[in-house]
Amino acid sequence: MSVFRSRPALRWLVPSAAAVAVIGGGAAAGTIVASADPALPERSAAQLLVDLQSADPEGFSGTVVQSTDLGLPGIAGLLKNVEGGGLTSLVSGSNTARVWYAGEEKVRLALLGTDGETDVIRNDSNVWIWKSSENSGTHVTLPEGATEKEALPSGVPSTPQDAADAALAAIDDSTAVATTGAAEVAGRDAYELVLSPRDTNSLIGQVRLAIDAVEHVPLRVDVYAKSASKPAVRVAFEQVSFEVPDAQQFAFNPPPNASIEEVTPPTEKELAEKPDAVKPEAFQHDAGKPGTESDDFKVIGEGWTTIISAKLPEDALAGAESPAKPAPSASSSSPLGDLQVEGILETLPKVSGDWGSGRLLSGSLFSALITDDGRVFAGAVSPEALYAVA
């Protein structure tokens, strides 16, 4: 489940009205049932959606593996040289995390890396964000009544429920819903729910959710590109237990000589008295949401074929076409560095049309167009869809 939400476990994911609308909008989905395993009773797609809505485990713990292969080996090779290659897993690779949940005020995620561990822990009013490789962290003391959404930063490791949340949010009349039978994930029986976009412009072929037969919690989410036999993205429990974790799992004491930054978020009253006040960056959650569009950032379309449009800084592409490439400065604000950005752009094919000219990044699951005048268009859509909005 999405342990960083402020509402009871899973109840907000699929409102009953939405489930009825989906099944009503696709007649076939209401009649297909999951029944491949004789040991499991048959469940229709509508019943599985209701199962997701009603699931409310008291606690669980487990190991989650997130793997990605977007069909971009050239880009992955360049990213290996960027700050230890940590960005490589965004396009090709995997991440492993441990997760513990014992109620909305006791949550812990530990992202395991080759150079150490990053932990995000909430224990009542205390939130710790800890990096073992740097022996440093942040301690946040929450105001009374703070919710998980306010308490924890974005960008933390994903769980299968996080991935399921994103997929289920796309359910509308543009989505075909079906079931394929039973599956086994992390040693547990599960049903499979399949979501498929009807829009042919989407590069996503289907999203498969393996739902625990007893606890009704997603154990695995697979995202397939069109006509692909292997998932481009998988988030799955490798091991899971639905016993409530011991309270000691959420206690954190910084090691000796650790560097700890103390943060107290502003209260609602303080924000009301100072409308221009800005919350600490780690607690911003508004990027990309409706209503946050600007001249430099727009969301075009909706659902499976949503396209993000952005404007690069004026000097971002400077020198990309030049044979002479100065070394990136130590003060460069780009996480990739100027040289790496130019190197990545030069690996991309040139494209042009009525909209102008630029470079195209095309993977199995998404496309991105970077125009010569600094515009960027990206989405899980065909290049032609990007050209149309450019």
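Overview of the structure. (Residues numbered from 1 in each chain as written. Predicted model: local features only at pLDDT ≥ 70, side-chain atom pairs only at ≥ 80, totals over all residues. Heavy atoms only, no water.)

A short note on the nonpolar core
If you look at the biggest cluster of nonpolar residues, it comprises 24 residues, and the most contacted ones within it are Leu193, Leu195, Ile204, Val207, Leu209 and Leu365. Of all the secondary structure elements, the ones that give two or more residues to this core are α2 (45-54), β10 (188-197), β11 (204-212) and β12 (218-225). Listed in part, the 16 residues of the second largest apolar core include Tyr101, Val185, Leu219 and Phe242. (Core = buried A, V, L, I, M, F, W, Y, C linked by side-chain atoms within 4.5 Å. Buried < 20%, exposed > 50% of the residue type's maximum accessible area, 1.4 Å probe, protein only. Helix = DSSP H or I, 4+ residues; strand = E, 2+ residues; numbered from the N terminus.)

Details of the environment of alanine 388
Looking at the element boundaries, alanine 388 is found in helix α8 (residues 383-389). Its relative accessible area of 67% is what places alanine 388 among the exposed residues. The sequence separation of alanine 388 and glycine 353 amounts to 35 residues, and the corresponding C-alpha distance is 9.7 Å.

A short note on the sheet that holds strand β16 (residues 307-311)
Taken in spatial order, the six strands of this open sheet run β15-β16-β20-β19-β18-β17, and their pairing is antiparallel. The open sheet has two free edges, formed respectively by β15 (297-300) and β17 (350-353), since each of these has just one partner strand. Taken pair by pair, the neighbouring strands of this sheet meet at an average axis angle of 25°, ignoring direction. Alignment of strand β19 (residues 367-371) against strand β20 (residues 375-379), held across four bridges, turns out to be antiparallel. Its bridge partner being in β20, leucine 369 is matched across the sheet by phenylalanine 377. (Pairing = 2+ DSSP bridges. Axes fitted to C-alpha atoms, helices over the stretch in contact; angles between N-to-C directions.)

Re the packing of aromatic side chains
For the structure on display, the rule yields six aromatic pairs. Ring pairing ties together the aromatic residues Phe60, Tyr101, Phe237 and Phe242, which thus form one cluster. Looking at arginine 108, its charged tip hangs above the ring of tryptophan 100, at a distance of 4.5 Å from the centre. When the ring centre of tyrosine 224 is taken as origin, the NZ or CZ atom of arginine 208, which lies over that ring, is 5.9 Å away. (Phe/Tyr/Trp six-rings, centres within 6.5 Å; stacked < 30°, edge-to-face > 60°. Lys NZ or Arg CZ within 6 Å of the ring centre and 35° of its normal.)

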